[in-house]
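# Topology and contacts: notes
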Amino acid sequence: MDRDNLVRMANQIARNLASQGEAAAVAKTAQHLVDFWDPRMKAAILANRAGLDPIAARAVERLEQAQ
């Protein structure tokens, strides 16, 4: 799995949800990662988070806590 592509996708999800407010965007981005990303994708984004926008970075932190 290409890490740069995963970062781009996570940032896109976060940006699309940003208009709902930061807390909601973080929660919904994290839920999207849980619901739709396969285990390899989750492992890759957890292993290297460089380049994540703030909302996406917080969502990945939540993903880590959920696992």
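Now for a look at the structure at hand.

What counts and what doesn't
- Residues numbered from 1 in each chain as written.
- Predicted model: local features only at pLDDT ≥ 70, side-chain atom pairs only at ≥ 80, totals over all residues.
- Heavy atoms only, no water.
- Helix = DSSP H or I, 4+ residues; strand = E, 2+ residues; numbered from the N terminus.
- Expected span 1.5 Å × (residues − 1).
- Contact = heavy atoms within 4.5 Å.
- Core = buried A, V, L, I, M, F, W, Y, C linked by side-chain atoms within 4.5 Å.
- Buried < 20%, exposed > 50% of the residue type's maximum accessible area, 1.4 Å probe, protein only.

### Let's talk about helix 2 (residues 22-36)
Between its first and last C-alpha, helix 2 extends 21 Å over 15 residues, near the 21 Å set by a 1.5 Å rise per residue. Tucked into the core, helix 2 has its buried residues touching helix 1 (3-17), helix 3 (39-47) and helix 4 (54-66).

### So, the environment of V26
Assignment of secondary structure puts V26 in helix 2. Among residues more than four places away in sequence, those in contact with V26 are I55, R58, A59 and R62.

### Let's talk about the nonpolar core
Of all hydrophobic cores here, the largest spans 19 residues; its most connected members are L6, L33, W37, I45, L52 and V60. Elements supplying a minimum of two residues to this core: helix 1, helix 2, helix 3 and helix 4. With 6 residues, helix 1 is the largest single contributor of residues to this core. Contact partners of V60, with chain neighbours within four places excluded, come to L33, I45, L46, R49 and L52.

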